[in-house]
Amino acid sequence: MIWIVKNLWLIPALPLFAAGIIAVNKQPARKLAASLAIGSMALGFLLSLCAFAATLGHHGDGVFREVFSFPWIQFGGQWMDIGWVLDPLTAIMLVMVTFVGMLIFIFSVGYMAHDQNFMRFFCFLALFASGMLGVVIANNLLLLFISWEIVGLTSYLLIGFWYHKPSAAAAAKKAFITTRIGDLGLLIGMVWLYAETGTLNFYDGGHGCLEQSALTTMLAHATIGGLAVSTAIGLLIFLGAVGKSGQIPLHVWLPDAMEGPTPVSALIHAATMVAAGVFLVARVYPLMAAGAAPVEHGTPVTTALTVVTWIGAITAIFAATIAVAQNDIKRILAYSTVSQLGYMMMGLGVGGVAVGMFHLITHAFFKALLFLGSGSVIHGCHEEQDVRKMGGLKKYMPVTFAVYAVGMLALSGFPLLFSGFWSKDEILHHASLWSVSKIPFYLGCTGALFTAFYMTRQMGLVFFGSYRGHEEKSAHGHFAHAHSHPSETDHSHDPHESPAVMTVPLIILAGFAILLGFVGTPAWPWFDGYLTGEEFKFDFSKLTEPGTLALMGTSALIVFFGIGLGVFLYGKRQRKTASEKDVLEAAQPAIYKLLENKYFIDEIYEATVIRFNAFAAWLCDFADQWIFGGAVLLVKYITVGLAWLYRLTDEYFVNLGFDTGCEALREGGGGLSKLHTGRVQTYLRVIGVALVALIIFLIWGRKA
Amino acid sequence: MTPLQACLLISALLFAIGFAGAVTRRHAILVLIGIELMLNAANLNLIAFWRFGAHPEALTGFIFVLFSMAMAGAEAAVGLALIIAIYRHKKTSNLDEVKELKG
């Protein structure tokens, strides 16, 4: 076994230790906190690179996979194992999470520079990274679940970081509770899986729950509706992924989570937490795909994967349309993330692990870039998040503009040069070949159109035109952060470029947003080969195959159309004031209203789930107060009545009788004791008299 | 009157005198003397029933009385010792004043 496999635990353990040390240190130790957190991530990144290197060079001879497990706790007669696995999926995620995480940490140093709770922030960040890395390396659903919950907890802490803002506190609660619904499914799936296979290890030399023997067992059993047990468990686990990755119908928490500090948004909503759901599905992919009929070309089709595909496709188009009508710079990105996660799910469903994961990795880079870029914008515009109040920032923030443009083009899938194009194209390519239905493909294409459009809209509003932030600057309330800038009052209100500590990570991310695409092009499908362990070769002719070419052409056309539409509507005719109506709003007020209010999903939940919940709570309260409370009260009164009765008998019968008896006894004793005079002679007399009496009695008795 | 009856009569008389003394006298030593008299009356009875009984040749009654007299001597010694102890304690030998065991 290679040393890196044995020591893989170090990667999540390092940030964990960093978080611990930060937590126990005295408050104002900013340098220590930041350097510990960043240092642990940097070390983790180096280790991840070693792990990555170990998995390289195995094309053609199957997937490289080494596990390290050890018994952890005992349940009855069985030992529960815990352990980690090193395979390409883990390695690529490790590299991505540690690298992006490190850049986000560095960026946070600049972004949170003025915050009082700088140390707490880095403590949470490091803990979050630790949980996320734990999810990635886990070879065991139990360890994965533990780390998964650490991630959930820290996301709650981080979203609610500015907890004195009621909206942030509410968003944190919303995120926590919504993901909890999914986690319940995951937990049930996990327990069921254990009951079926007796192990939670993913890979265990043939005995793991993702390996052939366990899968065959699970396929053989059927449950309600003719579903194989493996499908049912897969769907339950997918429910966890739905919660974490913000898929419909559990997506509602993700946009609200934008209340957290922007680096958190980048970390949680771009690189890691939301990717955890996609990663989970990728990890249990063998379970999802179990029982599919062998297919010559294309990917297996099972019930579980079909569900994944549909949920993903619907989420992709659904969230993309909402993003069109949002005005908060981070909310646009949040809905965009939801939409892109839908693409990833769809990719997993139609194309397998490599397709979904490729988009996950590229998306992680360019979305982290966009989020951090938006952080830079927000920082530069004095905590302004409303795109209507920005504009013309190209002039003030050239670096941010440049990298943001790269991110935007990558997200839109601008042809050939940007990573998003290749990864999204891969998904669409597989969707077009999907044997069940073509609808996800059309939904994906439409989503791509919207993606290009809303990103162009955002760019147009933020960076072009003229700055609109001067109006009613003092009136609006967005400043109400603890995040106050002492120097702000004497500065001019013009936006300013962010410091190097913030822009350098952005530039690095921008570089990757461009370059990463080239590891998975149809001509050189390195990524696919790396994850599946299959042979591949550089074949330029694949690019020019009619099917691929046509699809790429279509996709490019869609992107150009979307961008063109965006430029036409928002680039050419800039809004003059912040309060002016949106172009779309003026044209189609009804649709715009629907989109702006996110299809009223929150309101629907409010009217159904929340109201039902409130009703149930009221019902429980009612039952508690009147039915159970009444019963308890009844018992109470009965007891009290009985007690009263007992007291009465006790006082008036038992006690009195006893007292009287005692009194009589005492008096009797007193009387008798009078006889006991202490005079010996009296006794003697009595004895004499008694003797005489006895003799008389005896004599008389003889006579009679 | 047979000799046994005479003996019994004397012994009864002696017992009565002893009892009267024990009951009426106040002085502890006189009471003790009364008690000795009653004891001797009982001894006299024992001798009489032996001497005029079924087996005068066996010395059982005589021996019994000897034991009884030895015990009476010991008892008198204990009684006197008690009386002395009481006298030392209470500075009196009047039995009417010794009533610590009163109920």
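1. Concerning the overall build of chain B
Here comes step 1: The number of helices and strands found in chain B is 3 helices and 0 strands.
Here comes step 2: Ordered by position in the sequence, the α and β elements of chain B form the string α-α-α.
Here comes step 3: Computed over C-alpha atoms, the radius of gyration of chain B comes to 17 Å, more than 25% over the 13 Å expected from 2.2 N^0.38 for 103 residues, which places it beyond the range of a compact globule.
Here comes step 4: Overall size of chain B, expressed as C-alpha extent along the three principal axes, is 50 × 25 × 25 Å.
Here comes step 5: Residue burial in chain B is summarised as follows: out of 103 residues, 10% are buried.

2. Thoughts on the interface of chain B and chain A
Here comes step 1: Between chain B and chain A, the residue contacts involve 11 residues of the former and 12 residues of the latter.
Here comes step 2: Of the residues contributing to the side of chain B that touches chain A, the split by class is 6 nonpolar, 1 polar and 4 charged.

3. Observations concerning the confidence of the model for chain B
Here comes step 1: Taken as a whole, chain B shows an average pLDDT of 89; of its residues, 99% reach a score of 70 or greater.
Here comes step 2: Here the prediction assigns the complex a pTM of 0.74, and the interface score ipTM is 0.81.

4. Description of the pairing of strand β2 (residues 78-86) of chain A
Residue and element names in this part refer to chain A.
Here comes step 1: Bridging between strand β1 (residues 66-75) and β2 involves 9 bridges; their strand directions are antiparallel. Bridging across to β2, Q74 finds its partner in W79.
Here comes step 2: Linking β1 to β2, which pair antiparallel, is a turn of 2 residues; within it G76 sits at a positive phi near 60°.

5. Considerations on the nonpolar core
Here comes step 1: Among the nonpolar cores identified, the biggest contains 215 residues, and A:A37, A:F122, A:V278, A:V281, A:A368, A:L369 and A:A513 are the most heavily contacted of them.
Here comes step 2: By residue number, the principal contributor to this core is helix α4 (residues 88-111) of chain A, which donates 18 residues.
Here comes step 3: If you look at the next biggest cluster of nonpolar residues, it comprises 7 residues, including B:F19, B:V31, B:A41 and B:L95.

6. What to know about the confidence of the model for chain A
Here comes step 1: The predicted model of chain A has a mean per-residue pLDDT of 83, with 91% of residues at 70 or higher.
Here comes step 2: Within the model, pLDDT remains below 50 along residues 472-491 of chain A, and this stretch shows 15 contacts once partners closer than five positions in the same chain are excluded.

7. Structural notes on the packing of α4(A) against helix α21 (residues 500-515) of chain A
Residue and element names in this part refer to chain A.
Here comes step 1: Interaxial distance between α4 and α21 falls to 7 Å at its minimum, and their mutual angle equals 155°. When the axes of α4 and α21 are compared, the pair comes out roughly antiparallel. Considering how the two elements wind past one another, α4 and α21 form a crossing that is left-handed. Side by side, α4 and α21 meet where L103, I106, F107, V109, G110 and Y111 of the first sit next to V501, M502, P505, I508 and L509 of the second.
Here comes step 2: Tallied by class, the residues present in the contact of α4 with α21 amount to 10 nonpolar, 1 polar and no charged.

8. Observations concerning the environment of A:W9
Here comes step 1: With respect to the secondary-structure elements, A:W9 resides in the loop between α1 (3-6) and α2 (10-24).
Here comes step 2: In sequence terms A:W9 and A:V278 are 269 residues apart; their C-alpha atoms lie 22 Å from each other.

9. Description of unusual backbone geometry
Here comes step 1: The omega torsion across A:I248 and A:P249 is 5°, close enough to zero to call that bond cis.
Here comes step 2: Mapped onto the elements, A:P249 comes out in the loop between α9 (229-244) and α10 (253-256).
Here comes step 3: Backbone geometry at B:K91 places phi at a positive 55°, although glycine is not the residue there.
Here comes step 4: Residue placement: B:K91 occurs in the segment after α3 (60-90).
Here comes step 5: Overall, the presence of 8 C-beta atoms within 10 Å leaves B:K91 in the exposed class.

Reading the values: the criteria
Each chain has its residues counted from 1, running along the sequence as written. Written order determines the labels here, with chains lettered from A and ligands numbered from 1. Two thresholds apply to this predicted model, a pLDDT of at least 70 for residue-level local features and 80 or more for giving and counting side-chain atom pairs, whereas whole-chain, interface and lining totals are computed over all residues. A run of H or I in DSSP counts as a helix once it spans at least four residues, and a run of E counts as a strand once it spans at least two, with each numbered from the N terminus. Only C-alpha atoms enter the radius of gyration, while the globule expectation follows 2.2 Å times N to the 0.38, with N the number of residues. Remark: C-beta atoms are placed from the backbone, and a residue is labelled buried if 20 or more other C-beta atoms sit within 10 Å of its own, exposed if 12 or fewer do, or partly exposed between those counts. Working definition of a contact: two residues with C-beta atoms, positioned from the backbone, lying within 7 Å. Only Asp, Glu, Lys and Arg are considered charged in this grouping, and only Ala, Val, Leu, Ile, Met, Phe, Trp, Tyr, Cys and Pro are considered nonpolar; every other residue, Gly among them, is considered polar. You can read pLDDT as the predictor saying how much it trusts each residue, on a scale of 0 to 100. Any two strands with at least two DSSP-identified bridges between them are counted as paired. Joined through C-beta atoms within 7 Å, a set of buried Ala, Val, Leu, Ile, Met, Phe, Trp, Tyr and Cys residues constitutes a nonpolar core. Here an angle of 0 to 180 degrees is reported between the N-to-C directions of two axes, which are lines fitted to C-alpha atoms, with helices fitted over the stretch in contact. Note that the term roughly parallel is reserved for angles under 35 degrees, roughly antiparallel for angles over 145, roughly perpendicular for angles of 65 to 115, and oblique for everything else. Left-handed describes a crossing whose near helix is turned anticlockwise from the far helix through less than a right angle; right-handed describes the clockwise counterpart.

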